[in-house]
Amino acid sequence: MFGGSKVKLDKDLLDRCKKHAEEAGYSSVEEFITYALEKELRKVEKRSRDGEEEITKRLKGLGYIE
Amino acid sequence: MKDDNKVSMLKIAFFVIGLTFLIAAGGCTENKGSAEATTKKVLVLGFDGMDPKILKNLVEEGKLPNFELLMEIGDFKPLATSIPPQSPVAWANFITGMNPGGHGLFDFIHRDPNTMIPYLSTTKTESADKTISIGSWIIPLSSGKVTLLRQGSAFWEYLGKKGIPTTIFRVPANFPPAQADMQIYQLSGMGTPDIQGTYGTFSYYTDEELDDQDEDISGGKVFPVRVEASKFQAKLFGPKNTLQKDNPQTFVDFTVFVDPENAVAKVMLPGRQIMLKQGEWSDWVKVDFEIIPFLQSVSGIARFYLKEVRPNFKMYVTPVNIDPSSPALPISTPEDYSEELAREIGPFYTQGIPEDSKALSENVLDDGEFLQQANIVLGEELKMFDYELSRFKSGLLFFYFGRTDQLAHMFWRTMDPNHPAYDPTSKYRGLIEQTYIEMDGVLGKALKKLDEHTTLIVISDHGFAPFYRAFNLNTWLKNEGYASLTDESEGNLFLNVDWGKTQAYGAGFNGLYLNLSEREKQGIVQPWEKEVLLEEISKKLLAIRDPKTGEQVISRVYKADEVYNGPYVKDAPDLLVGYNSGYRASWETVLGKFPKELLRDNTEKWSGDHLMEAELVPGILLSNKEIKSEHPALYDIAPTILAEFGIPKGEGMIGNDVFTVLNIGRSR
């Protein structure tokens, strides 16, 4: 969690994150940013991993689809 | 050691396989009074995809003596198919006596208007929504469900209420079979998955050097192996274990010993070993996949085919089928009917479409090997037919064969010189004809059962046509400005569609949908724009000409509200595209892809099809009684069968008894 690289953020964006993190009760802005990204990734990954490959494979199992 | 009672109790509470299901306790619903002993018999044979033109030609050539006899003593007319002419749609018309507006199946493939994700239309699976986690285990607190999405009542529900003994054998679009009255026997057919929850995923073990793309095949999985010291180890995969976090796929380890001199191999599975010569098929092998160690496992069956030993090792394993003697999913009513059949004839294919056309398409099996596999299927079906026919004393027996459809799909190219994949040297050019002859034999057995109390009805769900050219409907929509993409790629599953700028899209084989503001989550077409847009698109579709041949690609476009009746019209594609003979939607467009080209040759082995304009591919109707109706249709058969037993047609049925009602002037 504490490894990885630094990421540059636009100052306005960072300020918005800080504001929300404070208001919502996160222990730090990092915690909020990490949470928000993970949430987004889960959505995307679910659709593309769980979703796309499996959906396509299942649909392609139909003889009509090559 | 497994305790069978414990296992079946646990089955009810815990078992899930990738799909999940609900088992209702008990088999009976209401007791409808004593089953009246009736001597009336109605025998219905369903030959999927049997074509009236081919049938007529072969009869005229003297090759089908039983069809010829039935045409003489009885009657024969083409049978209008469904719009669109796809098996689940057509058979649903047969089952309910309605059209898709009444039963809700418009295509093999529907899409969710919220997520735009395509899905197989006949069955829905839902995981248990209440679960608790214990370590790495997820225990469902409520059952998951697998639901048949076909709406409306099946005609045999009316027979059940009257206590008429009924057997519905492998009719498509009937998985899972609905709970029924006691004397309704059903075995599910097309739509029934394999143990992995797919339409049939075979396994292929080989040490042949394959390119990356050869390893990624549809309908199956390739397992590269390396034979060292005359053996190798491999895995046979089963269902996902949804009781475990991350739902790992279950599997069974096995070892193959390859004889260093002879073309022989030994497959060692847990508790079982199989010796195979090159070119030999094993019998059905029971395979148990562990879900909970020592407590719960899922039973499947598979067959092994040793294709080659050297220079390369090649072994094909059938999709692991649900074991009929211990079914993991509800495939029959009563629940033990599949077990009864297995006791009678041995284990058998339970997957909905057992002929492994994917293995042939991917060249894992060649033409001859595919035919061997299809013959295994036919052998089982004939045994079951003999069994059912021998005990058919009263009521209704419906029996289905899918062979005519699958073999026409795969072998059209052997008999049609115009086909891009035509092979003039093929020794299988007589195969489609041979299939009709085999069905003639089946009919012969049925004719022997005819007496003065029996009505015989022979139907098919649609006919056949060549599939020469594949059309990318979605690409056309994009080119014409009706659809917009976020990037230049081909995409998949509509993932790169810019919905804010898209008015129309194609999904499924014959469906064209508008992106409606009142229906699609990201819809932009307003209600007042709909009719004008449909009119405009229809006109343009009919005007498309194939630059290669100059032919009309689409010969008919139907509006859903003009051809469908019933409560589900609102869910239908806005337009149904009727392709001209020779043309069909490409598989890419079906799955929401946008390839660059508009049309391309179909060079696949899957060379015949029927996903065209309905009027071009009618099915067949024969009977030992005179068919009075001038234009009989699939949805007439349900009221016809009910009328045979003196039962009025059910509510919502749109057809009529073909033996008494003329239907003069009916256009569809």
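Because the structure is predicted, anything quoted here is derived from the model rather than measured.

Digging into the overall build of chain B
Next up, step 1: The helix and strand tally for chain B stands at 17 helices and 35 strands.
Next up, step 2: Compactness check: chain B gives a C-alpha radius of gyration of 25 Å against a globular reference of 26 Å for 668 residues, within 12% of the reference.
Next up, step 3: Its C-alpha atoms give chain B principal-axis dimensions of roughly 70 × 65 × 60 Å.
Next up, step 4: A total of 668 residues make up chain B; the buried ones form 51% of that total.
Next up, step 5: Nonlocal contacts in chain B, meaning residues at least 24 apart in sequence, comprise 68% of its contacts between residues at least 6 apart.

So, the confidence of the model for chain B
Residues and elements named next belong to chain B.
Next up, step 1: When pLDDT is averaged across chain B, the result is 91; 92% of the residues are at 70 or more.
Next up, step 2: Overall, residues 1–36 carries pLDDT values under 50, and its contacts beyond four positions in sequence, including any with other chains, amount to 71 contacts.
Next up, step 3: The ipTM value of the predicted complex is 0.71, and its pTM value is 0.87.

Observations concerning the environment of B:K383
Residues and elements named next belong to chain B.
Next up, step 1: By the secondary structure assignment, K383 is in helix α10 (residues 367–390).
Next up, step 2: Here K383 falls in the partly exposed class, since 15 other C-beta atoms lie within 10 Å of it.
Next up, step 3: Through-space distance from the C-alpha of K383 to that of D405 is 20 Å; in sequence the pair is 22 residues apart.

Details of the sheet that holds strand β13 (residues 202–206) of chain B
Residues and elements named next belong to chain B.
Next up, step 1: As summarised here, the arrangement of the four strands in space is β14-β13-β22-β21, forming an open sheet in which the pairing is mixed. Both outer strands of the open sheet, β14 (220–224) and β21 (304–308), are each paired with one neighbouring strand and no more. Taking the axes of each pair of neighbouring strands and ignoring which way they run, one obtains an average angle of 20° across the sheet.
Next up, step 2: Note that β13 and strand β22 (residues 314–317) share four bridges and pair antiparallel. Within β22, the position partnered with S203 by the bridge is V317.

Let's talk about the interface of chain A and chain B
Next up, step 1: Taken together, the contact pairs 14 residues of chain A with 24 residues of chain B.
Next up, step 2: Taken together, the residues of the side of chain A that touches chain B break down into five nonpolar, four polar and five charged.

A word on the sheet that holds strand β20 (residues 296–302) of chain B
All names here are of chain B.
Next up, step 1: Spatially, three strands are ordered β19-β20-β23 in an open sheet, and the strand pairing comes out antiparallel. For this open sheet the edge positions go to β19 (285–292) and β23 (321–322), each flanked by a neighbour on one side alone.
Next up, step 2: Bridge analysis of β19 against β20 gives seven bridges, and the strand direction is antiparallel. Looking at the pairing, D288 lines up with S299 of β20.

A word on the packing of α10(B) against helix α11 (residues 403–411) of chain B
Packed helices, taken two at a time, are described by the angle between their axes plus the distance between the axes.
Residues and elements named next belong to chain B.
Next up, step 1: Close contact between α10 and α11 brings their axes to 11 Å; oriented N to C, the two are set at 170°. Looking at the two axes, α10 sits roughly antiparallel to α11. Contacts between α10 and α11 involve F370, A374 and L378 from the former and R403, Q406, L407 and M410 from the latter.

Focus on the packing of helix α8 (residues 337–345) of chain B against α10(B)
Residues and elements named next belong to chain B.
Next up, step 1: α10 packs onto α8 with a crossing angle of 105° between their chain directions and a minimal axis gap of 11 Å. On the basis of the axis angle, α8 is roughly perpendicular to α10. Seen from α8, the contacting residues are L341, E344 and I345; seen from α10, they are E380, K383, M384 and Y387.
Next up, step 2: Here the residues of the contact of α8 with α10 are counted per class, giving four nonpolar, no polar and three charged.

Considering the domain arrangement of chain B
Residue and element names in this part refer to chain B.
Next up, step 1: Assigned domains within chain B: domain 1 (31–105 + 150–192 + 352–464 + 617–668) and domain 2 (467–609).
Next up, step 2: Centre-to-centre separation of domain 1 and domain 2, based on C-alpha positions: 30 Å.
Next up, step 3: Taken together, the contact pairs 26 residues of domain 1 with 22 residues of domain 2.
Next up, step 4: If you list the elements that add at least two residues to the side of domain 1 that touches domain 2, you get α5 (100–103), α9 (357–361) and α11.
Next up, step 5: Across the side of domain 1 that touches domain 2, the residue classes break down as twelve nonpolar, twelve polar and two charged.

Cut-offs used in this document
Residues numbered from 1 in each chain as written. Chains lettered and ligands numbered in written order. Predicted model: local features only at pLDDT ≥ 70, side-chain atom pairs only at ≥ 80, totals over all residues. Helix = DSSP H or I, 4+ residues; strand = E, 2+ residues; numbered from the N terminus. Rg over C-alpha atoms; globule rule 2.2 N^0.38 Å. Buried ≥ 20, exposed ≤ 12 C-beta atoms within 10 Å, placed from the backbone. Contact = placed C-beta atoms within 7 Å. pLDDT = per-residue confidence, 0-100. Pairing = 2+ DSSP bridges. Axes fitted to C-alpha atoms, helices over the stretch in contact; angles between N-to-C directions. Nonpolar A, V, L, I, M, F, W, Y, C, P; charged D, E, K, R; others polar. Parallel < 35°, antiparallel > 145°, perpendicular 65-115°, else oblique. Domains from an automatic or database assignment.

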